[in-house]
Amino acid sequence: MSLSQGRTILAIPGPSVMPDRVLNAMHNAAPNIYAGPLVEAMPAIVADLKTVARTGHHVAIYIGNGHAAWEAANTNMFSAGDHALSLVTGRFGEGWGQSVGALGVNVQAIDFGRRGPVDPAQVEQALRADRDHKIKVVLATHVDTSTSVRNDIPAIRAAIDAAGHPALLAVDCIASMGCDRFEMDAWGVDVAVAASQKGLMVPPGLGFVWLSDKARVACATSDRRTPYWDWTVRTAATEFWMYFGGTAPTHHLMGLRESLNMLVHEEGLDHVWARHATLARAVWAAFDVWGTGPGAGAVELNIADPAYRSHAVTAARITAPMATRLREWCEREAGLTLGIGLGMAQPGTPESHGFLRVGHMGHVNAHMILGTLGVMEAGLRALGAPHSPGGVGAAAAVIAGV
Ligand SMILES: *Cc1c(COP(=O)(O)O)cnc(C)c1O
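First, a word on scope: everything that follows refers to the structure included in this document.

## Some remarks on the site of the ligand
Now for step 1: Taken together, Asn65, Gly66, His67, Trp70, Phe92, Val143, Thr145, Asp172, Ile174, Ala175, Gln197 and Lys198 form the complete shell of residues around the ligand.
Now for step 2: In the environment of the ligand, an oxygen atom lies 2.7 Å from a nitrogen or oxygen atom belonging to the backbone of Gly66.
Now for step 3: In this structure, His67 approaches the ligand through a side-chain N or O atom, which is 2.5 Å from an oxygen atom.
Now for step 4: Burial of the ligand by the protein amounts to 90% of the accessible area it has alone, namely 380 Å².
Now for step 5: Mapping the ligand onto the cavity grids shows that it belongs to the second largest pocket.
Now for step 6: When residues in the shell around the ligand are grouped by element, the largest group, 3 residues, is from helix H3 (residues 66–77).
Now for step 7: Within the shell around the ligand, the residues separate by chemical class into 5 nonpolar, 5 polar and 2 charged.

Structure (structure tokens):
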């Protein structure tokens, strides 16, 4: 008998669960875009977006998803024939590098595999080898959502500095912004990109690019820049239309105003980060128990070292085809939607059947995570999947702080 009636939970790594407060804030008639509350709200929205990225520099807002935010950054950073170094730890790092390459930029990629972080020593080596300082930008992914690895951004900055290389550091924070600690200025990040539908808890449709003064100067003559994406106009916006290069994303801004109220002015970013960290540890604790004992290895976290695991998403291996069967069971029988595996399988194998991802980003709390894990454990039992029971108890101990 299916027990899926009741409120469902979407535990995929974006779009994330949206707060009712955000949805309600969007439930308005079309506003005036020439004067009035929405126009007047912009300076504070911009200030709060800078707070979220921990920067005193600039932010540009675009109407688009994460892929659009990549292109926004790309067109501003590069001229045709420039060089970039792309650090790949999963499907998204690969994708960003490809989108840069499509602009006629020479992209040198270093692939660190799918099960661990960027090795800063290799970054330093690659930059030392670039004696003429051709590489203009190092592209890094903070959290690669496909593998759930969390890269050590300060260590990558340190590697660039150790090589004495002037390259800018650009970081994809689409999965991590508002989930994992990110300190743009303190970490020496020049460009950061994010989107609205993950940690920021707003529907997909807004992309953000934060940039330092250094990036603005270094990229002043980039020839791939086109009017819509031009960050020079957007970061100096004083008129409402200038923020968006046309009609504003009115209702997304209403939702964003409310989510920033929650993240910045009510809960506070440090608490937001700590909440995500604790809930992530609860998820890992459950998987650790499921994966021990008889049948060990049938259930396994993709990233072995907790220091390099995302607090927003967890990728796991569950022997094929059980990962797919478990996802289907959870949705059909219990109203829980888990994320598919992405970009992790060997070539030629049906990739998602041996992998899944649990999204725990944004508007999530302890009972949602314990409910998610409880349903997953029920599914493992119902399907007769090899695992050790007791994962939910281990997660409860993390939540209890004992
Ligand atoms: C989700 C995500 C993207 C892509 O964002 P879209 O909004 O789906 O275009 C890129 N990079 C990372 C790290 C992501 O998590």
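Structure shown, so let's carry the discussion forward.
## Description of the pattern of salt bridges
Close approach of charged atoms allows side chains with opposite charge to pair.
Now for step 1: Within the structure shown, the criterion is met by 21 salt bridges.
Now for step 2: Between Glu333 and Arg332 there is a salt bridge; the shortest N-O distance is 2.9 Å.
Now for step 3: For Glu333, a relative accessible area of 17% puts it in the buried group.
Now for step 4: Via salt bridges that share partners, Arg54, Arg181, Glu183 and Asp270 belong to a single interconnected network.

## Describing empty space enclosed by the protein
Now for step 1: For the structure shown, the criterion picks out 2 cavities of 30 Å³ or more.
Now for step 2: Approximately 80 Å³ is the volume attributed to the largest cavity.
Now for step 3: The set of elements that each furnish at least two residues to the lining of the largest cavity consists of strand S1 (9–11) and helix H13 (366–382).
Now for step 4: In terms of residue class, the lining of the largest cavity is made up of 9 nonpolar, 4 polar and no charged.
Now for step 5: Quantified by volume, the second largest cavity comes out at close to 30 Å³.
Now for step 6: Ser148, Trp284, Leu301, Asn302, Ile303, Arg309, Thr314 and Ala315 are the residues that line the second largest cavity.
Now for step 7: Residues that form the lining of the second largest cavity fall into these classes: 4 nonpolar, 3 polar and 1 charged.

## A look at helix H10 (residues 250–267)
Now for step 1: With 18 residues, H10 should cover 26 Å at 1.5 Å per step; its first-to-last C-alpha distance of 25 Å lies within 8% of that length.
Now for step 2: Asn261 marks the point of greatest bend in H10, at about 30°.
Now for step 3: In terms of residue burial, H10 counts as a mostly covered element, since 13 of its 18 residues are buried.
Now for step 4: Downstream of H10 by a residue or two, Gly268 has a phi angle that is positive, lying close to 90°.

## Describing the sheet that holds strand S5 (residues 135–141)
Pairing between the strands of a sheet comes from backbone hydrogen bonds, and it takes one of two forms, parallel or antiparallel.
Now for step 1: Spatially, S2-S10-S9-S8-S5-S3-S4 is the arrangement adopted by the 7 strands of the open sheet, whose pairing is mixed. Looking at which strands have only one partner, the edges of the open sheet turn out to be strand S2 (58–63) and strand S4 (106–111). When the angles between neighbouring strand axes are averaged without regard to direction, this sheet yields 20°.
Now for step 2: Pairing analysis gives 6 bridges linking S2 to strand S10 (residues 206–211), with the strands arranged antiparallel. Opposite His58, over in S10, you have Leu211 as the bridge partner.
Now for step 3: Against the sheet, H3 contacts S2, S5, strand S8 (168–172), strand S9 (191–195) and S10, and its axis sits at roughly 155° relative to S9.
Now for step 4: Most of the contacts of helix H6 (residues 153–162) go to S8, to which it runs at about 160°, and overall it touches strand S3 (83–88), S5 and S8.

## Digging into the side chain of Asn74
Now for step 1: The topology assignment puts Asn74 in helix H3.
Now for step 2: On the basis of relative accessibility, which here comes to 1%, the residue Asn74 falls in the buried class.
Now for step 3: Those residues within four positions of Asn74 in sequence are excluded, and the remaining contacts are Trp96, Ser99, Val100 and Leu103.

## So, the environment of Gly81
Now for step 1: In this fold, Gly81 is placed in the loop between H3 and S3.
Now for step 2: Accessibility expressed as a relative area gives 39% for Gly81, which makes it partly exposed.
Now for step 3: Taking the C-alpha atoms as reference points, Gly81 and Ala304, 223 residues apart in sequence, are found 39 Å from one another.
Now for step 4: Once residues within four sequence positions are removed from consideration, Gly81 is found in contact with Gly104, Val105 and Asn106.

## Brief notes about the packing of aromatic side chains
Now for step 1: Under the counting rule described, the total for this entry stands at 8 aromatic pairs.
Now for step 2: A centroid spacing of 5.5 Å and a plane angle of 75° characterise the contact between Phe240 and Phe244, whose relative ring orientation is edge-to-face. Within this pair, Phe240 and its partner Phe244 are both found in helix H9 (residues 240–244), separated by 4 residues, close to a single helical turn.
Now for step 3: A residue is classified by how much of its surface remains accessible, and Phe240, at 8% relative accessible area, is buried.
Now for step 4: Relative to Phe244, the ring of Tyr243 has its centre 6.0 Å away and its plane inclined at 45°; by these criteria the two rings are tilted. The two residues Tyr243 and Phe244 agree in class, both being buried.
Now for step 5: Three or more aromatic residues joined by ring pairs make a cluster, and in this case those are Tyr62, Tyr228 and Trp229.
Now for step 6: Taking NZ or CZ as reference, Lys198 lies 5.6 Å from the ring centre of Phe92, over its face.

Definitions and cut-offs
- Residues numbered from 1 in each chain as written.
- Predicted model: local features only at pLDDT ≥ 70, side-chain atom pairs only at ≥ 80, totals over all residues.
- Heavy atoms only, no water.
- Near = heavy atom within 4 Å.
- Polar contact = N/O pair within 3.5 Å; in protein donor to acceptor, adjacent residues only side chain to side chain.
- Areas by Shrake-Rupley, 256 points an atom, 1.4 Å probe, with all protein chains shown as cover.
- 1 Å grid on protein atoms, 1.4 Å probe; cavity = no way out; pocket = protein on both sides within 12 Å on 5 of 7 lines; lining within 4 Å.
- Sits in = over half its atoms within 2 Å of the grid points.
- Helix = DSSP H or I, 4+ residues; strand = E, 2+ residues; numbered from the N terminus.
- Nonpolar A, V, L, I, M, F, W, Y, C, P; charged D, E, K, R; others polar.
- Salt bridge = Lys/Arg side-chain N within 4 Å of Asp/Glu carboxyl O.
- Buried < 20%, exposed > 50% of the residue type's maximum accessible area, 1.4 Å probe, protein only.
- Points joined across faces, edges and corners; volume = space filled by probe spheres on them.
- Expected span 1.5 Å × (residues − 1).
- Bend = angle between axes of the 7 residues up to and from the residue.
- Pairing = 2+ DSSP bridges.
- Axes fitted to C-alpha atoms, helices over the stretch in contact; angles between N-to-C directions.
- Contact = heavy atoms within 4.5 Å.
- Phe/Tyr/Trp six-rings, centres within 6.5 Å; stacked < 30°, edge-to-face > 60°.
- Lys NZ or Arg CZ within 6 Å of the ring centre and 35° of its normal.

Any functional reading would require information that these geometric values do not contain.
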